[in-house]
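Here is how the chains run, residue by residue.
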Amino acid sequence: MSAVSAEPRRVSLRGWSGRAVAGFVLTLFVFFFAVPIVWLLFAVTKSAKALTVSNPFALGSWSDFVSNWHQLFGFQDGAVTTWIGNSAFYALGALALTLLVSVPAGYALALTEFKLRKALLVLTLVVMLIPSTALVLPIFLELNSVGLIGSPLSVILPMSFFPFGVYLTYIYFSTSIPRDLLAAARIDGCTEFQVFTRIALPLGAPIVALVAFFSFVQNWNNFFLPFVMLPSSDGYPIQVGLTSLLAATPAFNPSSAGSDSVQLPTLALATIVSILPVLIVFLFSQRFLVEGMTAGGTKE
Amino acid sequence: MTIAPPSDELAAGAFERRRPGRPTGRGPGRTPIGYVFVSLYALLALAFGVVPSLYAVLLAFTNADGGFAGVGNFTKVVSDFRFWPAVLHVTLYLVIWLVALVVFVVGLALLVHAVRLRWASTALRFVYYLPGALAGASSVLLWLFVLDPTASPVSGLLRAFGFDSFVAVIQPGNLPAIFAIIAFWTGAGGWIVIMYGALNNISTEVLEAAQVDGAGAVQIALRIQLPLLRKWIAYMGVMSLAAGTQLFVEPQLLSQASNAVVPNDYSLNQLAYQYAFQQNDFNGAAAISLILLVVALLLSWVFVTRGGLFEKE
C-alpha cells in the first residue's frame with residue numbers, strides 16, 4: 001500500500017435528516033471521548049469538597065491547584081518524583097536500545113541475505129501479532145530463575161525486544177530505498193557499514209521517528225511488565241505508582257484514611273502527570289497520527 | 001505515504017522476492033554484514049520471545065521439584081474453582097467489547113469519512129484518537145472518577161440509571177460492560193483512524209460509478225465500503241480478541257479501588273498472577289500463561305498464514 005490519493009472522494013450524505021443524524025452521532029461520540037479528559041483538567045483545580053459539590057466543569061482556584069500539587073509531590077516523601085524519573089529512565093533506555101537493535105535489524109532483513117532470514121521474519125510477524133502481555137509471565141519466570149527480578153534491566157531489556165519496530169523498518173527499507181542507490185554507494189567505495197550509516201539511515205529518518213514514537217508511548221504506558229518485575233516501590237514507574245496512590249485514596253479505599261492519604265483531586269492530578277509526556281508527544285505528532293500513518297500501530 | 005499494517009508484504013511472500021545467492025556480483029549477500037546487523041535483535045528475540053515460551057512449556061509440564069508432571073498442572077488450574085468464572089468474565093467482556101468495536105468503529109469511520117469539511121474531519125479524528133494517550137493504569141483511574149457518582153462529570157446520568165454509589169456501579173454484573181467501555185474509550189480512536197485511512201484508499205472510480213448508478217450514501221456504505229473494509233475489520237477483530245484475553249490492569253486496579261468488591265482473580269491473567277505471587281506455584285502460573293499464549297499464537301498464526309485477508313487492493 002503506497003500513496004494515498006491527494007483528495008479522496010467523499011460520499012456525501014444527501015438530505016437534511018441524514019446529515020442531522022450523522023452530526024448527532026458524531027457529536028455524541030465527541031462528548032464520549034472528550035468529556036472525561038476535559039473534566040480531568042477542571043478537577044485538578046478544585047479542593048476535594050469542591051470536586052463533589054461544584055459544577056463538574058467549573059474552574060476551581062489556583063491555590064487549590066497548588067495545594068493538590070504539593071500533596072501529590074509530597075506523597076511518601078516525593079515518591080512521585082522518583083516514579084516519574086523511573087518511567088523516564090525505563091522508557092528512554094528501552095527506546096535507545098530499541099532503535100539501536102531494530103533499525104539495523106530491519107535494514108538487514110530487507111536488504112541483505114543471511115541464513116535463517118525467513119525464520120526471523122516469521123518469528124517477527126508472529127510475535128508482533130501476539131499481545132505483549134502474553135509473554136510477561138513467561139519472561140518473569142525466566143528472569144526469576146536467573147535472579148534479575150527487581151533490576152531495571154528486567155523491564156528495559158524485554159521492552160527493547162520490539163518486533164513491530166523491526167517490521168516497520170523492514171517494510172520501509174524494502175519498499176522505499178532503491179537498491180541501485182546502495183549499489184552505487186558500494187561502487188563509490190562505501191563499506192557495507194557506511195552504506196547503512198550514510199545512505200540508508202538518513203533516508204530512513206521518518207521510519208526511525210515512527211518507531212521511536214511507538215516505542216516510547218508503549219514503554220511509558222506499560223503496566224503489566226513493571227508491575228510483575230519490580231516489587232519495590234523505589235523501582236516503580238509512574239503507571240505502577242498510580243496503584244499506590246489509588247490505595248492511599250480514602251474515597252476508593254476507606255481503610256487508607258491517615259496522614260499520608262490522597263484526596264480525589266490529587267489523584268486526578270496524578271493521572272494527568274502520569275500521561276503528560278505521552279500527551280505532549282501525541283499533540284506534536286497529531287498530524288501524522290490522524291492521517292492514518294499509524295495504521296497497524298494499535299496493539300492494546 | 002501510508003504505513004500499511006501487517007500487510008501482504010510479509011504474508012504474501014515478500015521474502016520470496018529476494019532469494020539468497022543472487023548471481024549479481026554487487027549484491028550485499030556476499031558479505032556477512034547482515035549477521036552483524038541482526039545479531040542484537042536475534043539475541044533479544046531468543047531471550048524474550050523464544051526462551052521464555054519454551055521455559056513456560058517446561059514449567060507447565062513439570063512439578064515444583066522439577067519432575068515430569070504430565071498434564072497435572074493443566075488439570076489443576078482448569079479444575080480450580082476460580083478458573084471457569086474467570087473464563088466466563090473474560091468471554092463476556094470480549095463479546096461486548098468486540099461487538100461495540102465493530103459496530104461503532106466502522107460506523108464512525110464511515111461518518112467521519114463522509115464529513116466534507118477538512119478541518120472538521122481532522123478535528124473529529126483527533127478527538128477520537130486522543131484517549132489513546134491514556135493507556136493502562138491512567139485510563140482506568142480516570143474511569144474510576146467517571147464511574148463514581150460523587151465526583152463524576154456524568155453523575156446525573158449515573159443516578160438516572162439508578163447508580164447512587166460507586167459500589168452500586170461496580171456490581172459484578174456490570175463489570176464486563178465497564179471494562180468494555182474503558183477499552184473502547186482508549187482504543188477505538190486508533191481503529192477509527194485506521195479504517196478512515198482504508199476508506200481513503202477505495203478508488204474514486206468505484207465510488208463515482210456507484211453514484212452515477214444512483215446509489216445513495218447508505219447503499220454505497222453497505223455494498224461497496226463495507227465489503228472493502230472487511231479485511232481491516234477482521235484484522236481489528238483478531239487483534240482485539242487476542243489482546244482482550246489478556247485482561248489484567250482494569251480488574252486489578254478496580255479490585256484495589258473497591259476494597260475487593262471486585263475480586264483479585266477476576267480475569268485469567270490475574271489468576272496466573274495469583275498463582276505466581278500468592279501461591280508461589282510457578283508451574284500452575286506457567287500452565288495458565290501457556291494456555292493464554294497458545295490462544296494468542298493460534299490467532300496470530302491463523303492471521304499470518306491465511307494471508308488472503310491481506311490481498312493488495
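Not measured: the values here are computed from a predicted model. (Residues numbered from 1 in each chain as written. Chains lettered and ligands numbered in written order. Predicted model: local features only at pLDDT ≥ 70, side-chain atom pairs only at ≥ 80, totals over all residues. Heavy atoms only, no water.)

Focus: the overall build of chain A
Now for step 1: In terms of helices and strands, chain A carries 15 helices and zero strands.
Now for step 2: A burial count over chain A gives 55% of its 300 residues as buried.
Now for step 3: Expressed as a percentage of contacts within chain A between residues at least 6 apart in sequence, the contacts between residues at least 24 apart total 69%.
Now for step 4: Approximately 11900 Å² of chain A is accessible, and the part contributed by carbon and sulfur atoms is 67%. (Helix = DSSP H or I, 4+ residues; strand = E, 2+ residues; numbered from the N terminus. Buried < 20%, exposed > 50% of the residue type's maximum accessible area, 1.4 Å probe, protein only. Contact = heavy atoms within 4.5 Å. Areas by Shrake-Rupley, 256 points an atom, 1.4 Å probe, with all protein chains shown as cover.)

Let's talk about the UniProt feature "transmembrane region" (unreviewed entry) in chain A
All names here are of chain A.
Now for step 1: According to UniProt, the feature "transmembrane region" (unreviewed entry) maps to residues 21-42, 88-112, 119-141, 153-174, 195-216 and 264-284 in the numbering used here.
Now for step 2: Annotation note: span residues 119-141, helix share 74%, strand share 0%, distance between end C-alpha atoms 25 Å.
Now for step 3: The span residues 195-216 shows a helical share of 95% and a strand share of 0%, and its end C-alpha atoms are spaced 28 Å apart. (UniProt positions renumbered as here; feature names shortened; annotations may be inferred.)

Observations concerning the confidence of the model for chain B
Residues and elements named next belong to chain B.
Now for step 1: Model confidence for chain B is summarised by a mean pLDDT of 83, while 87% of its residues fall at 70 or above.
Now for step 2: Highest mean pLDDT in chain B belongs to helix α4 (residues 83-114) (94); lowest belongs to helix α1 (residues 8-11) (41).
Now for step 3: Scored below 50 in pLDDT, residues 1-29 makes 72 contacts in the model with residues more than four places away or belonging to other chains.
Now for step 4: A low-confidence stretch, residues 308-313 (pLDDT under 50), is modelled with 18 contacts involving residues beyond four sequence positions or located in other chains. (pLDDT = per-residue confidence, 0-100.)

Digging into the UniProt feature "transmembrane region" (unreviewed entry) in chain B
Residue and element names in this part refer to chain B.
Now for step 1: UniProt's feature table lists "transmembrane region" (unreviewed entry) at residues 35-61, 81-114, 126-146, 177-199 and 285-304, given in the numbering used throughout.
Now for step 2: Taken end to end, residues 35-61 has its terminal C-alpha atoms 35 Å apart, with 96% of it in helix and 0% in strand.
Now for step 3: The span residues 126-146 shows a helical share of 71% and a strand share of 0%, and its end C-alpha atoms are spaced 21 Å apart.

Quick look at the packing of aromatic side chains
Now for step 1: Counted according to the given criterion, the structure contains 48 aromatic pairs over all chains.
Now for step 2: Between the aromatic rings of Phe140(A) and Phe282(B), the centroid separation amounts to 5.8 Å while the plane-to-plane angle is 90 degrees, which identifies the pairing as edge-to-face. With Phe140(A) in helix α6 (residues 136-145) and Phe282(B) in helix α14 (residues 282-305), the pair connects residues from two separate chains.
Now for step 3: Feature note: the residues Phe29(A), Phe32(A), Phe33(A), Phe104(B), Tyr128(B), Trp143(B), Phe184(B) and Trp185(B) constitute an aromatic cluster, connected by ring pairs.
Now for step 4: Its end group placed over the ring of Tyr196(B), Arg125(B) keeps NZ or CZ at 3.8 Å from the ring centre. (Phe/Tyr/Trp six-rings, centres within 6.5 Å; stacked < 30°, edge-to-face > 60°. Lys NZ or Arg CZ within 6 Å of the ring centre and 35° of its normal.)

Here we look at the confidence of the model for chain A
All names here are of chain A.
Now for step 1: Put simply, chain A has an average pLDDT of 86, and 90% of its residues get 70 or more.
Now for step 2: Looking across chain A, the model is least confident in helix α15 (residues 286-290), with a mean pLDDT of 70, and most confident in helix α7 (residues 153-160), with 96.
Now for step 3: Ignoring residues within four places in sequence, the model shows residues 294-300, a span with pLDDT below 50, making 25 contacts including any to other chains.

Focus on the interface of chain A and chain B
Now for step 1: In this complex, chain A contributes 125 residues to the contact, which on the side of chain B involves 128 residues.
Now for step 2: At the boundary of chain A with chain B, total buried surface from both sides reaches about 12100 Å², with 72% on carbon and sulfur atoms.
Now for step 3: Linking chain A with chain B are eleven residue pairs in polar contact (both at pLDDT 80 or more), by the criterion used here.
Now for step 4: Tallying contributions element by element places helix α1 (residues 16-43) of chain A first for the side of chain A that touches chain B, with 13 residues.
Now for step 5: The class makeup of the residues in the side of chain A that touches chain B is 85 nonpolar, 25 polar and 15 charged. (Buried area = accessible area lost by both parts, 1.4 Å probe. Polar contact = N/O pair within 3.5 Å; in protein donor to acceptor, adjacent residues only side chain to side chain. Nonpolar A, V, L, I, M, F, W, Y, C, P; charged D, E, K, R; others polar.)

Brief notes about the environment of Ser154(A)
All names here are of chain A.
Now for step 1: Inspection of the secondary structure puts Ser154 in helix α7.
Now for step 2: Relative accessible area serves as the criterion here: at 0%, Ser154 is assigned to the buried category.
Now for step 3: Here the side chain of Ser154 touches Ser151 through a polar contact of 2.6 Å, landing on its backbone oxygen.

Observations concerning the pattern of salt bridges
Now for step 1: A full pass over the atoms with the stated rule returns three salt bridges over all chains.
Now for step 2: Here Arg186(A) makes a salt bridge to Glu192(A), at a shortest N to O gap of 2.6 Å. The burial state of Arg186(A) is the same as that of Glu192(A); both residues are buried.
Now for step 3: Put simply, Lys76(B) and Asp281(B) hold a salt bridge, and the shortest N to O gap is 2.6 Å. Residue Lys76(B) is located in helix α3 (residues 72-78), and its partner Asp281(B) is located in the loop between α13 (268-277) and α14; the two are separated by 205 residues in the primary sequence.
Now for step 4: The partly exposed category is assigned to Lys76(B), whose relative accessible area is 32%.
Now for step 5: Judged by relative accessible area, which is 15%, Asp281(B) ranks as buried. (Salt bridge = Lys/Arg side-chain N within 4 Å of Asp/Glu carboxyl O.)

As for unusual backbone geometry
Now for step 1: Although it is not a glycine, Asp77(A) sits at a positive phi angle of roughly 55 degrees.
Now for step 2: Of the residues examined, Asp77(A) reaches a relative accessible area of 79% and is grouped as exposed.
Now for step 3: Residue Asn280(B) is not a glycine yet carries a positive backbone phi of 50 degrees.
Now for step 4: Inspection of the secondary structure puts Asn280(B) in the loop between α13 and α14.

A look at the packing of α1(A) against helix α9 (residues 175-200) of chain B
Now for step 1: Two elements in contact, α1(A) and α9(B), have axes separated by 11 Å at closest approach and are oriented at 95 degrees. Relative to α9(B), the element α1(A) lies roughly perpendicular. Residues Phe29(A), Phe32(A), Phe33(A), Pro36(A) and Ile37(A) of α1(A) pack against Ile181(B), Phe184(B), Trp185(B) and Ala188(B) of α9(B). (Axes fitted to C-alpha atoms, helices over the stretch in contact; angles between N-to-C directions. Parallel < 35°, antiparallel > 145°, perpendicular 65-115°, else oblique.)

Description of the nonpolar core
Now for step 1: Grouped together as the largest cluster of nonpolar side chains are 202 residues, with contacts concentrated most on Tyr107(A), Phe173(A), Leu245(A), Val105(B), Tyr128(B) and Phe184(B).
Now for step 2: Looking at this core, you find at least three residues from each of domain 1 (18-60) and domain 2 (75-300) of chain A.
Now for step 3: With sequence-adjacent residues up to four places away left out, Val105(B) is seen in contact with Ala100(B), Phe184(B), Ala188(B), Trp191(B), Ile192(B), Met195(B) and Met236(B). (Core = buried A, V, L, I, M, F, W, Y, C linked by side-chain atoms within 4.5 Å. Domains from an automatic or database assignment.)

Notes on the packing of helix α4 (residues 79-111) of chain A against helix α10 (residues 192-203) of chain A
Residue and element names in this part refer to chain A.
Now for step 1: It is the contact of α4 with α10, at a shortest axis distance of 12 Å, that shows an interaxial angle of 95 degrees. Considered as vectors, α4 and α10 are oriented roughly perpendicular to each other. Here α4 contributes Val103, Pro104 and Tyr107 to the contact with α10, which in turn contributes Val195, Phe196, Ala200 and Leu201.
Now for step 2: Considering only residue class, the contact of α4 with α10 consists of seven nonpolar, no polar and no charged.

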